[in-house]
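Descriptive analysis of the structure
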Amino acid sequence: MKGVVFTEFMEMVEARFSAEMVDDIIEDAQIKSGGAYTAVGNYPFAELVAMITALSRRSGMPTSELIFHFGHYLFGRFAVLYPYSIQSCSSSFMVFEGIEKHIHVEVQKLYPDAQLPDIQVVERDDKRMILLYRSPRCLAPLATGLIQGALDHFSEQGRITAEPLNAEGSEVRFVVELL
Ligand code: HEM
């Protein structure tokens, strides 16, 4: 998984919890590098999972909630770090339409080793969009947070429903309704 996800995760933990929490979860998760991540590196996905598990244990918050918060935070950060990825969009639905066609395509060009989900738009009208998420990393709560982040970015009110299509959560159907 790309280093930018790790560096942003550490920053979110420090901002929402504390610098001590960052040290504690690195220790609990037995991260050999000591958490010295760089945005351009590439690191095992298992390390992120181990840190989220440790954060859940220490904070008492469920992992899915923490991953959702991280996704929400991440959208705001992506908008700052990669402004060109969403600059032609004037609504969240334009962003969602563009994930598979433009946004992640550019990410893959920039980082050929990026491991990205498959996110297809299966239905769309002015008020409602149905997306199909597929990924062996089963990060649907991250997608929910990113979707919520996009709604907030454009000051839109919406309801997101995530329906898992299998037990692992590697396939999830999202319904996003504008209110
Ligand atoms: C609402 C819009 C978006 C959604 C729902 C979304 C969804 C996701 C998800 C769920 C992942 C985790 C990997 C997985 O599940 O397999 C991911 C990874 C990633 N996305 Fe997106 N994304 C969105 C917008 C963006 C934007 C605007 C950028 C900025 C260029 C971006 C760049 C990335 C990068 C760099 C990764 C990490 C890839 C890796 O670790 O190898 N995404 N995305």
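Attention in this report is confined to the structure presented alongside it. Residue numbers here run from 1 along each chain, matching the order of that chain's written sequence. Whole-chain, interface and lining totals are the exception, using all residues; otherwise, since this is a predicted model, local features are given only for residues with pLDDT of at least 70 and side-chain atom pairs are given and counted only at 80 or more. Hydrogens and waters are ignored; side-chain quantities use all the structure's heavy atoms.

Only N, O and S atoms count as donors, using a 2.8 Å cut-off from the metal and 3.2 Å for Na, K and Ca, and because water is excluded some sites may appear unfinished. When only protein atoms are considered, the iron atom of the ligand has one donor, His104 (NE2), at a distance of 2.1 Å. Counting through the fold element by element, His104 comes out in helix α5 (residues 92-110). Counting from the N terminus, the helices are DSSP H or I runs at least four residues long and the strands are E runs at least two residues long.

With that settled, consider helix α6 (residues 140-153). Taking 1.5 Å per residue as the helical rise, α6 with its 14 residues ought to reach 20 Å, and the 20 Å between its terminal C-alpha atoms agrees with that figure. Only protein chains enter the accessibility calculation, which uses a 1.4 Å probe; a residue is then buried when its area is under 20% of its type maximum, exposed when over 50%, and partly exposed in between. By the criterion of burial, α6 is predominantly enclosed, with 10 of the 14 residues buried. Of all the positions in α6, only Ala140, Leu142, Ala143, Thr144, Gly145, Ile147, Gln148, Gly149, Ala150 and Leu151 are classed as buried. Where α6 is buried, its residues contact α4 (63-81), α5, β2 (128-134), β3 (158-164) and β4 (171-178). Note on α6: the residue one or two positions beyond its end, Ser155, has a positive phi of about 50°. For a helix, the expected span equals 1.5 Å multiplied by the residue count minus one. Contacts between residues were defined by any pair of non-hydrogen atoms, one from each residue, lying within 4.5 Å.

Each residue is tested against the molecule or strand, and it is near if at least one of its non-hydrogen atoms lies within 4 Å. Every one of the 24 residues lining the ligand counts as a neighbour, but Lys2, His104, Gln115, Tyr133 and Ser135 are closest to it. N or O atoms within 3.5 Å of each other form a polar contact, as long as, within protein, one can give a hydrogen and the other can take it, and as long as residues adjacent in sequence are counted only when both atoms are side-chain atoms. Contact distances for the ligand include 2.7 Å between an oxygen atom and a backbone N or O atom of Gln115. With respect to the ligand, the side chain of Arg137 contributes an N or O atom lying 2.8 Å from an oxygen atom. For each structure, a 1 Å grid was placed over the protein atoms alone; sets of points admitting a 1.4 Å probe that cannot get out are labelled cavities, open sets with protein on both sides within 12 Å along at least five of seven lines are labelled pockets, and lining residues have an atom within 4 Å of a point. To decide whether a molecule occupies a pocket or cavity, check its atoms: if more than half lie within 2 Å of the grid points, it is inside. Spatially, the ligand is embedded in the largest pocket. Mapped onto the shell around the ligand, the elements with two or more residues apiece are α5 and α6.

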